[in-house]
Amino acid sequence: MEEKEKKKHRAKHSGPKAEKKRKRYLNDLGIGEEENARKRNPKAFTVQSAVRMARTFHRTQDLKTKKHHIPVVDRTPLEPPPVVVVVVGPPKVGKSTVIKCLIKNFTRQKLVEIRGPVTIVSGKKRRLTIIECGCDINTMIDLAKVADLVLMLIDASFGFEMETFEFLNICQVHGFPKIMGVLTHLDTFKNNKQLKKTKKKLKHRFWTEVYPGAKLFYLSGMVHGEYQKQEIHNLGRFISVMKFRPLTWQTSHPYILADRMEELTNPEEVRINPKCDRKISLYGYLRGAHLKNKSQIHMPGVGDFTVSDVSFLPDPCALPEQQKKRSLNEKEKLVYAPLSGVGGIVYDKDAVYIDLGGSHAHEKEEEEVRPNHELVQSLISTHSAIDVKMASSKVSLFMDSAPLGSEDVGQEFVMPKEERQVDLKTGRVRRKAVFEDDEKENDDVASDEEDDQEEGDEEEGDEEAASEDGGDGDDENDAEEESERVLLREGIAVRRAKRLKTEMAQEEAVNELPAFADSDDDLEMSSEEEETAPEDSEMEEEEEGDIQRTCEDESSGSESEAANKTADSKQYDMDSEHIETNPQISEQSPKRKAVLTTDSGNCTAEEASESEDENSSLEEGDDEGGSHEELEAEESNRNGFQHSQAKKADSVRQTKVKTVDTEDDDVENLLREEEEYEEKIDLSADTTGALKWKEDLTQKAAEAFLRQQRSTPNLRKLVYGTAVEDEDQESEDADDELGGLFRVSRPDKASKQKANALDCSKFLVEKLQDWDLEEVMSSIRDCFVTGKWEDDKDAAKLLEEDEELYGDFEDLETGVVHKGKAAAGGEQSGSEEEEDKDENMSKQEPEEEEKKKERMDKKRKLKEMFDAEYDEGDATYFDDLKEEMHKQAQLNRAEFEDQDDETRVQYEGFRPGMYVRIEIENVPCEFVLNFDPHYPIILGGLANSEGNVGYVQLRLKKHRWYKKILKTRDPLILSLGWRRFQTIPMFYMEDHNGRHRLLKYTPQHMHCGAAFWGPITPQGTGFLAVQSVSGTTPDFRIAATGVVLDLDKSITIVKKLKLTGFPFKIFKNTCFIKGMFNSQLEVAKFEGAAIRSVSGIRGQIKKALRAPVGAFRATFEDKLLMSDIVFVRTWYPVSIPMFYNPVTSLLKPAGEKDSWSGMKTTGQLRYERGIKLKQNKDSLYKPIVREKRHFNKLHIPKALQKALPFKNKPKNLEKKGKTPKDQWRPAVIREPHEKKISALLSALSTVNNYKIKKAKAKHREQLKEHLKVKQKEDEQKFKRQKEAKKKVYRILGQREKKRQKSSLKGSSKREKST
Amino acid sequence: MFPGTDSFRCGGSILVRARRSAPDRPYPKGSPHPAEEQRAGLRSDTSPDTSTLLRFQLKTCRLGEQRKRQSLPPVPRQTQPGPPGHGGGATPGAPARPLPFAPPLSRRFLFQPRGPGMAGEAQCLSYTGCNFLRQRLVLATLSGRPLKIRKIRAKEEDPGLRDFEASFIRLIDKVTNGSRIEINQTGTTLYYQPGLLYGGSLEHDCSPSRGIGYYLESLLCLAPFMKHPLKIVLRGVTNDQVDPSVDVLKATALPLLKKFGIDGESLEIKINRRGMPPKGGGEILFTCPVRKVLQPVQFTDPGKIKRIRGTAYSVRVSPQMANRMVESARGILNKFLPDIYIYTDHMKGVSSGKSPGFGMCLTAETINGTILSAELASNPQGQGAAVLPEELGQNCAKLLLEEVYRGGCVDSTNQSLALLLMTLGQQDVSKVLLGPLSPYTIEFLRHLRSFFQIMFKIETKTAEEEHTGGEKVLMTCVGIGFCNLSKTIR
């Protein structure tokens, strides 16, 4: 049975397989029917046309080179900033859910609410900053500019929405970041086929928008309100391995996506004027390019500012240290989102809220320590609000006086504190105003309930009374806590109760050493080092705004944490911090002293010079008084101190005196001379004659100058002053206005150089060395090619080396081995030596190494040579360029690598990847008051002169999806560079002769030029325009896109202006024309200009007439009519309105941020107010009534007629003259009889004619009949014949058959017979 | 043509600049400099200029009449023809028609909201004294930051700007578009708000009290960043004792520019006529192409000197002078190098300027293309003692040796130019090895920091070998990523 089931193999007989087999078989036999076509028919494959070949070659080359990107220097820092992932999509598409899922995926942490950017560590080498982008067009524009990756969420059940396309278009304009589509709401499809179809449709549409093959993710269904884990995991993996191409704008400008904002304004100022400009600090990762201190930045939605201070902070969300393992451990999965309240800490504009995990929180903490916990703790511990510090700070005006606290100065008013409570039942957050008095009770109750460790609160009162500087950790702690205003409350059922507190001015107990308690170590480290410990605290006071101590304390915090975890977390942290800080402080003072001393050692010169400066300033003061002295000095100068060179007269005097006094090397003296070196130069030019006795003076000066340059640390100081001069000066400035009472007068820096000296770039030689001396000459002997060369470049050496390298080679043909002599010998000896060395290894190890190194060098060199020969032989231009860029990138990385960050930022600026804190002053108060973390805050750095304004010329095209056309002089909101602003563009076309002609409207499907007055932005920057940023419209909002072409301070756009005039006197071809101009001068300007009549007669303006003002003489190519109108075409320059209005959307109150509206168009206004436009009657259309025009007959001059060919000559037949009487013919008059005859004849002939006609018709009829009959007969005949034929053939056929039959029979018979 | 054009005086004048009908501008917002009573007085007088051409408004100078100082030479006649519409009637549709058809005021949007965050309020830098005027103006122009200089020779008997400074300001005004320059009545305060660099074909009469080098040095800094390639004719003193002469700049600065990617046929300095102080009469032509970005340089190995070249010039003196100088110079230099060639350049007739004089400049070129230079010129006619050509030649050769002793990859006059071009490079590391920094360079570095927030890493290098001159300084910086904002793209 089984055997039966098996099928037999059946070889294929047809189909490709069989064909192939047959072919192979034939080939094997050697009778393959055809060879390769190329072999068989070589002619068909030769070059047919060289031209075409060249073309194809070109084409392939073109295609190849098209694929290249211009190589750019890779400026990405070693530790790049987190990648900005923008999640964008229409409302209700699931943006927040995706973000939450992603965060959960990477960090195993659940964020309740996403506010502002969230930074997470996604891998060993990558961090992500995820931010949600709403549908407000302002937000979309801002975020598109900073995005590295866009997650574009699309509701599959609905399809694409306008927001998606708008965002895509914004991205295209501002540099295209990577875009990944994510389809959500896929579970709404019940029908699988429908789902598939939709997916495909959406995918292809997406591809046309982004690029074919762009990644589109599908998030199929939700599980418990979250997307499926695996899908999110895949999405996360894709994000964390994605590569990015640098975008031009982003790499050339520094920018920060701020993730934290604090207000630093003096509360007193705010109290006095609640609308005063604020000082704020913003935190975030620096991206893009290097940021310089004091540079200009733009905050989209707010405006331009100058950075008042930048400082870098330790990374709050650092990448893990390099370890050799594949994945992150739990501790390294950090998340940092200060605005969202990660780990229970929320930053608001002026307060910090701490979320404590309920009454049993600490127990939990024991078990699982969140990695970010330390961070949070450190943040808690370090961030004592500014105001509190203000309050606690003391100033003592005089040595022994009691220090003044804020209570001495300030007014006593009690502000309500704000406290947020979570209603247990509803979960609603309520804001409760809590006043000081109840607060304490509240506190106590809370603490009692919560923990016994909150004893501090109970002791508060005593401590406040008796707190001495930093004695007891707990004391401090409490004070601190108090200052932080964190109320601890218990939520019984709620696991996480939010304890939120606002600030308030508070009186603290009197401290002996003011503000010592919360002095902060890293602040001091970064700040000036020349100050002593007490001064330090003063510094603190000055820079209270400074809150850069987020994470330096992290380590300390963690240590302490480890020690005592049982304690209440917050309280604890305070404790530990103080324990830590105190010794640090004590440690620091000696260090500082040491620094001070060294510093002074280093900068003696500087100090000296400064003192000198003072001197000189004094001298200047003198100068004012006694100009006669100056005169005197000058005189003396002229008299003969010619060699003593250029000093300002007074200083000359001074130095002179001093040098005379102290001949020996008085340092100060010398330095003064150095400072005045410049001036010396000046006069020396015109004083070449030398006076011997002054000679040593100049020599000394020159020597001193050179010496100053020679000593390494001094050179930098000489140029830039002390290392951290900027900070210095600022603190000094602050010092200067101490209490507003005293002012430290210091000489300003400018006085170092003589301000009014001669401006000359030559570096004159003060004292020529004696070049006749041998030793002097030998000092530069090697600067010439004739001198000695360095070892690696010396010709002889090089030759020798070559020998060594290439001396030995093997002739491959003959097999003879040639050996370089020297090398061989050397090697031999080397080997011998090696043997020797073996004996006494320990001794000659270094030598051994040297040898090894040498060998390696040799090998490397050989390899290089080999590479040069074989690899770089076909290096294209592109490769070279790439190589060059690569080299530069390496140099960039290597140059400052070994320096510490403090000095490095001075040279480079703050490099991207750093977490920086930026202070900005004069920010409008609305920004702070209406702060909403849901809207991104971006700080975009501006390059030089990008902060200026001028005229900008653009190439613009109206977006094809935008419904309306744009009108010149209608305000338009542009997004250009970092900015969004409203301006009034003018559209123009460039004529073939380069004239810019004004357009009233944008052309429909063409580019046109546009010019506006606004911020100067580099050429080549893309922009987009919208008409309004407020509200939503169902239509596409982006009105136009384009690129910047040109920047200028003036502009030439002209519009056509036709001036009309009327002839008032007409000669032959000359006319007098009036009404075109108003004066003779105007006519004079247009002499020679071309004019034309409406009928098309061309002419020229000749000269002004005297009689009617503005009339002129003109000549035409033909005679004009009085009814003609004459016009001249002129071009009138148009001025561009200077209107530049930044879109300040972030200043709007919360909830109205998308409702910014600037200047309205006249059309809008008219529409809103219902004003009807009064139309000019003349511009209305009306039926055209045209008179019938009567033309005179054409008259051709005789001469012309004569010249014409006969054909064209007018054929005026001459009228016949009257025939003369003699030629008249006589008339024939018939007789009556004759008349009768003729009448009869005609009658007869008529009858005859009729008869004939009749007969003809009849005949025709008959013929027809006849033909018909005949046809019938024929048919019958044919029929008969056919039948007859049939018969005949039948018979014939039968006969044939018979015959055949008989023949067959016969044959068979025959067969049979045979 | 325009009243007041000829009688421009620096002492108490306001310069207002607008090319191509720059419309009225309200005074720059945030009034960058504190209200000063002088300025307040001026402001009311300053009517914004809307004419199609450059026009200087004149304020008669109070002090100028009292003090008998050399007044400024008249402003050169405008070489450009009048307004394009004027007289150009042959071209149909002549533009710029000054008809009284100004658009009604209601249609001009002069409204300009001013908030704290407005653009165009780059901080104004303030300085005192006239020293380093050139570098301040140049850097202000390049960085786009307004500038104020106070107390210009305030306490001298002869206060205010000198004629050569006024001439320089006028030159800056010529090469830029939309600059705003205000000088108070005594000429002791200068406010400068830079416009955009414009370039084009220009002519300028330099004041003979300084050499053309004084002007040319600054032009070399600005020329690569113009809108249109600069082609300028400068007239004045080509060689003097104070400023680097045109010959030296031609020999040293141009190769330096080439290192930064500014090259091409049109980069050229041509000496048409030689003019010696005190009267001048020289003429040069300077042309420079335009670049959008500069290349970073690594210029740390000067190499060894392979040849010495030079020019010995003489005008309105015996041609023998040049030969005598050459002889003596060769005598000294031949001890070091055989490859020496010094051209003698004797100019005659029109091209010899107005004053007699002679001098020489020497350049030493290394195998790596570094060029070091030295120069000397005779005393101007009627000033100082007569100088022997032999002595001058010897001294010049010694100066060259001194320059070689200082060494570096850039000679001492061009240090600041090299540093500027490094600063204006891409955001890459540039390095250059210099000799000891000249005081001018040191101040330039300070200015670079205040204008561009850039600091150089300064390292002192001592040569490993003995006989290669003095100590060198290695300057390193990261460019600011400057790009030419004036250049038009198509």
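Right, let's walk through the structure included here. Being a predicted model, the structure only gives us computed values, none of them experimental. (Residues numbered from 1 in each chain as written. Chains lettered and ligands numbered in written order. Predicted model: local features only at pLDDT ≥ 70, side-chain atom pairs only at ≥ 80, totals over all residues. Heavy atoms only, no water.)

1. Side note on the nonpolar core
Test applied: Side-chain atoms within 4.5 Å are what join buried Ala, Val, Leu, Ile, Met, Phe, Trp, Tyr and Cys residues into a set we call a nonpolar core. For the exposure calls, accessible area comes from a 1.4 Å probe over protein chains only, and a residue counts as buried if that area is under 20% of its type's maximum, exposed if over 50%, partly exposed in between. Labels follow the DSSP assignment, with helices taken as runs of H or I lasting at least four residues and strands as runs of E lasting at least two, numbered in each case from the N terminus. Residue contacts follow a heavy-atom distance rule, with two residues in contact if any of their heavy atoms lie within 4.5 Å.
Of all hydrophobic cores here, the largest spans 95 residues; its most connected members are Leu 142, Phe 286, Leu 445, Leu 448, Phe 456 and Met 475 of chain B. Residue contributions to this core peak at eight residues, all from helix H5 (residues 212-222) of chain B. Apart from the residues within four sequence positions on either side, Leu 448 of chain B is in contact with Leu 139, Leu 419, Leu 420, Thr 423, Gln 453, Ile 454 and Phe 456 of chain B. Counting residues in hydrophobic clusters, the runner-up holds 47 residues, among them Val 86, Ala 156, Leu 216 and Ile 973 of chain A.

2. Some words on the sheet that holds strand S9 (residues 199-205) of chain B
All names here are of chain B. To keep things clear, this is the line we draw: When DSSP locates at least two bridges between a pair of strands, those strands are taken to pair. An axis is simply a line fitted to the C-alpha atoms; with a helix, the fit covers only the stretch in contact. Between two such axes, the angle follows the N-to-C directions and lies from 0 to 180 degrees.
Spatially, the four strands line up as an open sheet ordered S9-S10-S12-S11, and their pairing is mixed. The open sheet is flanked by S9 and strand S11 (268-273), the only strands paired with a single partner. Going across the sheet, the axis of each strand differs from the next one's by a mean of 10 degrees, ignoring polarity. By the bridge criterion, five bridges tie S11 to strand S12 (residues 282-288) in an arrangement that is antiparallel. Each bridged residue has a counterpart across the sheet, and for Ile 269 the counterpart in S12 is Phe 286. Against the sheet, H5 makes contact with strand S10 (228-236), S11 and S12, and its axis sits at roughly 170 degrees relative to S10, the strand it touches most.

3. Thoughts on the pairing of strand S27 (residues 986-990) of chain A
Residue and element names in this part refer to chain A. Judged from the three bridges that link them, S27 and strand S29 (residues 1007-1015) form a sheet pairing that is antiparallel. Bridge pairing in S29 links Met 986 to Ala 1011. The sheet contact formed by S27 and strand S28 (residues 996-999) spans four bridges and is antiparallel. Bridge pairing in S28 links Met 989 to Arg 997. Here S27 folds back onto S28 in antiparallel fashion, the turn holding five residues, of which Gly 994 has a positive phi close to 85 degrees.

4. A few points about helix H3 (residues 133-143) of chain B
Across the eleven residues that make up H3 of chain B, a large majority, eleven, are buried. Residues Leu 133, Arg 134, Gln 135, Arg 136, Leu 137, Val 138, Leu 139, Ala 140, Thr 141, Leu 142 and Ser 143 of chain B constitute the buried set of H3 of chain B.

5. Considering the packing of aromatic side chains
Selection criterion: A pair of aromatic rings is counted whenever rings of Phe, Tyr or Trp (Trp by its six-membered ring) have centres within 6.5 Å, and the orientation is called stacked for planes under 30 degrees apart, edge-to-face for over 60 and tilted otherwise. A ring is considered to have a charge above it if a Lys NZ or an Arg CZ atom is located within 6 Å of its centre and within 35 degrees of its normal.
For the structure shown, the criterion picks out 27 aromatic pairs over all chains. With centroids separated by 5.5 Å and ring planes inclined at 25 degrees, the aromatic side chains of Phe 1077 of chain A and Phe 1086 of chain A adopt a geometry described as stacked. Among the aromatic residues, ring-to-ring pairing joins Phe 160, Phe 165, Trp 961 and Phe 1036 of chain A into one connected group. Stacked on the ring of Phe 217 of chain A, the Lys or Arg Lys 215 of chain A has its end atom at 5.5 Å from the ring centre. Positioned above the aromatic ring of Phe 763 of chain A, the side-chain terminus of Arg 406 of chain B is 3.8 Å from the ring centre.

6. Concerning the pattern of salt bridges
Selection criterion: Salt bridge, as applied in this entry: a Lys or Arg side-chain nitrogen positioned within 4 Å of an Asp or Glu carboxyl oxygen.
This model, assessed by the stated rule, comprises 50 salt bridges over all chains. In this structure, the salt-bridge partner of Arg 860 of chain A is Asp 857 of chain A, at a minimum N-O distance of 3.4 Å. With Arg 860 of chain A and Asp 857 of chain A both in helix H34 (residues 841-870) and three residues apart, the pair spans about one turn of that helix. Put simply, Asp 243 of chain B and Arg 210 of chain B hold a salt bridge, and the shortest N to O gap is 2.7 Å. On the criterion of sequence distance, the pair formed by Asp 243 of chain B in the loop between S10 and helix H6 (246-259) and Arg 210 of chain B in the loop between S9 and H5 is long-range, its members being 33 residues apart. Neither Asp 243 of chain B nor Arg 210 of chain B differs from the other in exposure class; each is buried. The structure contains a network of salt bridges with shared partners spanning Glu 203, Asp 205, Arg 235 and Glu 283 of chain B.

7. Description of unusual backbone geometry
Backbone geometry follows two general trends: most residues other than glycine have a negative phi, and most peptide bonds adopt the trans configuration. The peptide bond linking Pro 277 of chain B to Pro 278 of chain B adopts the cis configuration, its omega dihedral lying at 5 degrees. Here Pro 278 of chain B lies in the loop between S11 and S12. Look at Asn 922 of chain A: it is not a glycine, yet its phi comes out positive at around 55 degrees. The topology assignment puts Asn 922 of chain A in strand S22 (residues 915-923). Unusually for a residue other than glycine, Arg 153 of chain B sits at a positive phi of about 50 degrees. Relative to the helices and strands, Arg 153 of chain B is located in the loop between strand S4 (147-150) and helix H4 (163-175). Taking relative accessible area as the criterion, Arg 153 of chain B reaches 5% and is therefore assigned buried.

It is worth stressing that arrangement in space is one thing and function is another; only the former is reported here.
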